[in-house]
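Letter by letter, the chains look like this.
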Amino acid sequence: MEVFKDIVLKDGRMVGHLDLPESAKIAVEFDLEEEDSSPDQSDFAELVSSATIWVRGLGTGTISILKKEIARELTDAAYGESDYQPSDSDYTDLETSLKTVRLCFYPDNVVIMVFEAKKEYPDMEVYCQLDSPYQLEDISVVKKTDQGF
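Residues numbered from 1 in each chain as written. Predicted model: local features only at pLDDT ≥ 70, side-chain atom pairs only at ≥ 80, totals over all residues. Heavy atoms only, no water.

Turning to the environment of alanine 51, a few remarks are in order. Counting through the fold element by element, alanine 51 comes out in helix H1 (residues 45–56). With near-sequence residues (within four places) excluded, alanine 51 lies in contact with Phe4, Phe30 and Phe105. (Helix = DSSP H or I, 4+ residues; strand = E, 2+ residues; numbered from the N terminus. Contact = heavy atoms within 4.5 Å.)

Given below as C-alpha cells:
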C-alpha cells in the first residue's frame, strides 16, 4: 500500500500528501537540502523510503502523546513568567485544538511535524522536530507562510 500520494517534484522538493489516522489529509514535503536546485525524483528514493518506514510506525497513540507534550511545553512557556498557574483545561484545550497539517522529511532522519492550533495561535504554526523514536526534540511557534501546496 502506498503511503504517500500525489507526489510531484516542485521547486527542488518533492511534495504530496498522506492520510494520518487523526487527520483527513496532510501535506508532505521531502527536501534534500542541497544546492543543486534541479534534482530528479530518483534522488529522493532513499528519503522517501525512510519516511515511509517512519510514517508506518506513527500511530494515533504516538500522535496523542506528542500533542500532550506539545500542549504542556507551550502552555508552560506561555505562563512561565507570570503568577498564573495553568489549569488542566489550559493544557487540554490546546491539546485538543492541535491539528497536524504537514510532515517535512530531511536527510539524516530529521522530521518536522507541523501543527495548527487556530484558536490559540491564529496565523501561526507549531513546528516540532522529532527523532526516529517519535520523541520531541525541539518546538517553535512561527508565523504561517504559504507553502504552495
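The seven strands are arranged E1-E2-E3-E4-E5-E6-E7 in an open sheet whose pairing can be described as mixed. Because the sheet does not close on itself, it has two edges, and the strands there are strand E1 (5–10) and strand E7 (136–143). The mean angle between the axes of side-by-side strands here comes to 20°, regardless of whether they run parallel or antiparallel. Where strand E2 (residues 13–18) and strand E3 (residues 26–30) come together, five bridges link them in antiparallel fashion. When the bridges of E3 are listed, histidine 17 appears paired with alanine 27. Running over the sheet, H1 touches E2, E3, strand E4 (99–106), strand E5 (110–116) and strand E6 (124–130) and is turned about 140° from E4. (Pairing = 2+ DSSP bridges. Axes fitted to C-alpha atoms, helices over the stretch in contact; angles between N-to-C directions.)

By secondary structure assignment, the location of arginine 13 is in strand E2. Its relative accessible area of 13% is what places arginine 13 among the buried residues. (Buried < 20%, exposed > 50% of the residue type's maximum accessible area, 1.4 Å probe, protein only.)

A separate point is the pattern of salt bridges. Within this structure, the stated rule accounts for five salt bridges. Across the salt bridge formed by glutamate 95 and lysine 68, the nearest N and O atoms sit 3.7 Å from each other. Here glutamate 95, found in helix H3 (residues 88–97), pairs with lysine 68, found in helix H2 (residues 60–79); they are 27 residues apart in sequence, far enough to count as distant. Among the residues examined, lysine 68 registers a relative accessible area of 48% and is labelled partly exposed. For glutamate 125, the salt bridge is made with arginine 102, and the minimal N-O distance between the two is 3.3 Å. With glutamate 125 in strand E6 and arginine 102 in strand E4, this residue pair connects regions lying 23 residues apart in the sequence. Summarising the burial analysis for this pair, glutamate 125 and arginine 102 share the class buried. If you follow the salt bridges from partner to partner, you end up with Glu116, Lys118 and Lys144 in one network. (Salt bridge = Lys/Arg side-chain N within 4 Å of Asp/Glu carboxyl O.)

This brings us to unusual backbone geometry. The phi dihedral of aspartate 108 is positive, around 65°, even though this residue is not glycine. Assignment of secondary structure puts aspartate 108 in the loop between E4 and E5. By relative accessible area, aspartate 108 is classed as exposed at 74%. Positive phi, normally seen in glycine, also occurs at aspartate 123, with a value near 60°. Looking at where aspartate 123 falls in the secondary structure, it is placed in the loop between E5 and E6.

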